[in-house]
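# Secondary and tertiary structure notes
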Number of protein chains: 2
Amino acid sequence: MKAVCLISGGIDSAVTAAIAKSRGFAVHALTFDYGQRHKKEIECAKSIAKWLGANHKIIRIDLAQLGGSALTSDIEIETGKTPDEIKSSPIPATYVPARNTIFLSFALAYAETIGADVVFIGANAVDYSGYPDCRPEYIEAFQRMADLATKRAVEGAPIKIEAPILNLDKAQIIKKGKEMGVPFEKTWSCYKGGKKACGVCASCVLRLDGFKRAGVGDGVEYE
Amino acid sequence: MKAVCLISGGIDSAVTAAIAKSRGFAVHALTFDYGQRHKKEIECAKSIAKWLGANHKIIRIDLAQLGGSALTSDIEIETGKTPDEIKSSPIPATYVPARNTIFLSFALAYAETIGADVVFIGANAVDYSGYPDCRPEYIEAFQRMADLATKRAVEGAPIKIEAPILNLDKAQIIKKGKEMGVPFEKTWSCYKGGKKACGVCASCVLRLDGFKRAGVGDGVEYE
């Protein structure tokens with residue numbers, strides 16, 4: 001029983017893949033080198049895949065060529081907001097146009113090729129409510145499209161999209177990961193490309209707040 | 001008024017892009033170098049984009065790395081079928097897992113980035129009824145997903161997916177292209193990577209049959 005798990009190198013996808021593994025799936029991890037500034041993510045994705053004992057494929061797709069995001073260009077990354085400010089903000093500059101749609105499309109293709117029944121994605125609607133492609137209704141619509149998109153679907157065995165942490169908050173995700181022994185020190189959240197995490201970008205702020213509320217050690221160094 | 005037009009180098013996408021242009025859109029052509037054997041397609045896509053006066057972006061994505069198709073691997077391409085046999089066949093080995101989903105996802109991202117209102121795709125349900133991602137219900141489901149996927153959608157201006165030749169047969173497509181002056185001699189349909197078109201693969205057979213029924217000259221040399 002195979003599953004394709006999208007692994008970014010961050011906490012959410014690591015916990016999601018650990019959930020897939022705990023359900024008995026043979027994990028086939030898929031990571032995108034998409035021109036993001038935070039390349040360290042990719043090294044972390046490799047460590048997480050190794051910890052999972054997963055087959056790991058890294059696909060290079062140049063989203064920077066398409067532009068439109070602070071994560072793939074020189075647009076400044078906002079810092080210094082509180083967790084509540086981040087959660088109630090409109091869509092930030094770190095939004096990458098149609099990123100999850102592109103990632104899920106590749107995962108769907110890969111799942112069909114290797115004969116996997118499920119694609120797991122660490123989308124989360126609670127902390128990042130501003131990202132349109134992290135909402136439950138989006139995941140459901142992708143599923144309905146996927147139910148028509150593939151040869152497998154036509155043959156009556158469509159590939160299922162699962163987002164098991166969709167409605168958990170960061171502290172709940174961390175607690176769940178802790179239970180399964182996810183090595184958080186091997187994950188990376190910071191949007192910037194530094195050696196240590198910046199501690200002030202939206203992703204660092206939500207991470208720090210999550211670990212604090214979960215009462216669990218982070219394991220990552222901050223500037 | 002901008003439109004992203006997926007251009008493969010074949011007839012269907014060339015006619016589709018010409019329709020977009022005739023409707024007054026500034027065409028932004030998007031082509032994928034996806035590891036296909038028929039690289040000549042990409043040169044043809046360049047010629048068509050030039051004829052259209054379009055901005056042209058070629059994105060390299062390695063679908064061969066994912067495998068699963070005769071178009072991106074050493075699986076043999078079937079030859080010698082009649083047009084009717086091809087149209088009534090089950091999904092052939094030339095099916096590329098989730099290809100249109102991947103292409104449309106990139107087109108959606110690109111449209112959002114450059115501020116285009118519409119994505120045009122030359123999907124056709126008549127000649128290639130075996131391909132799941134060429135069916136009207138698939139295109140509609142992709143639209144519903146796209147209506148939730150982007151920042152623009154959240155802001156009330158979702159990007160529209162148009163497939164204007166979806167229900168035309170090849171002869172009708174060719175006649176429509178002829179009316180608009182599409183330079184068919186600059187298009188490429190053959191699945192194989194030869195200097196001349198093979199004339200016997202499914203794509204060549206449908207092309208030859210279409211030109212014959214349309215009563216229009218092809219302009220491409222066959223072996």
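Below: a short report on this structure. Since the model is a prediction, treat every value here as computed from it, not as a measurement.

Quick notes on the rules
Residues numbered from 1 in each chain as written. Chains lettered and ligands numbered in written order. Predicted model: local features only at pLDDT ≥ 70, side-chain atom pairs only at ≥ 80, totals over all residues. Least-squares fit on C-alpha atoms with pLDDT ≥ 70 in both. Contact = placed C-beta atoms within 7 Å. Helix = DSSP H or I, 4+ residues; strand = E, 2+ residues; numbered from the N terminus. Core = buried A, V, L, I, M, F, W, Y, C linked by C-beta atoms within 7 Å. Buried ≥ 20, exposed ≤ 12 C-beta atoms within 10 Å, placed from the backbone. Axes fitted to C-alpha atoms, helices over the stretch in contact; angles between N-to-C directions. Left-handed = near helix turned anticlockwise from the far one by under 90°. Nonpolar A, V, L, I, M, F, W, Y, C, P; charged D, E, K, R; others polar. Pairing = 2+ DSSP bridges. Right-handed = clockwise from strand over helix to strand, strands pointing away.

Here we come to the relation of the copies chain A and chain B. For these two chain copies, the linking operation is a rotation about an axis paired with a shift along it. Between the two copies, chain A and chain B, the superposition gives an RMSD of 0.0 Å; the rotation angle is 180° and the shift along the axis is 0.0 Å. The operation mapping one copy onto its partner corresponds to a two-fold rotation axis.

Every contact between the two is made by 35 residues of chain A and, on the other side, 35 residues of chain B. For the side of chain A that touches chain B, the leading source of residues is helix H4 (residues 99-114) of chain A, giving 9 residues.

What follows deals with the nonpolar core. Core analysis: the biggest nonpolar cluster contains 149 residues, and Cys5(A), Ala107(A) and Ala107(B) have the highest contact counts within it. Apart from residues lying up to four places away in sequence, Ala107(A) is in contact with Val4(A), Leu6(A), Leu30(A) and Val119(A).

Turning to the packing of helix H7 (residues 170-179) of chain A against helix H8 (residues 202-214) of chain A, a few remarks are in order. All names here are of chain A. Look at H7 against H8: their axes get within 8 Å of each other, and the N-to-C directions meet at 65°. Like other packed secondary-structure pairs, H7 and H8 cross with a definite hand, here right-handed. Contact residues: Lys170, Ala171, Ile173, Ile174 and Lys175 in H7; Leu206, Asp209, Gly210, Phe211, Arg213 and Ala214 in H8. Residue composition of the contact of H7 with H8, by class: 6 nonpolar, 1 polar and 4 charged.

The subject of this paragraph is the environment of Leu30(A). All names here are of chain A. The topology assignment puts Leu30 in strand E2 (residues 26-33). In this structure Leu30 comes out as buried when scored by C-beta crowding, with 27 C-beta atoms within 10 Å. It is 18 Å that separates the C-alpha atoms of Leu30 and Asp133, two residues lying 103 residues apart in sequence. Leave out the neighbours within four places in its chain, and Leu30 touches Val4, Cys5, Leu6, Ile7, Lys57, Ile59, Phe106, Ala107 and Tyr110.

The next subject is the pairing of E2(A). Residue and element names in this part refer to chain A. For E2, a buried count of 6 out of 8 residues is recorded, marking the element as mostly surrounded by other parts of the structure. Here strand E1 (residues 2-6) pairs with E2 via 5 bridges, running parallel. Bridge pairing links Ala3 to Val27 in E2. On the question of chirality, the crossover connecting E1 to the parallel E2 by way of helix H1 (residues 11-22) is right-handed.

On to the sheet that holds strand E3 (residues 55-60) of chain B. Residue and element names in this part refer to chain B. A sheet is described by the order of its strands in space; here 5 strands give the open sequence E3-E2-E1-E4-E5, paired in parallel fashion. Two strands bound the open sheet, and with one partner strand each, they are E3 and strand E5 (160-162). This sheet shows a mean twist of 25° between the axes of neighbouring strands, independent of strand direction. Helix H1 (residues 11-22) contacts strand E1 (2-6), strand E2 (26-33) and strand E4 (118-120) of the sheet and is inclined by roughly 175° relative to E1.

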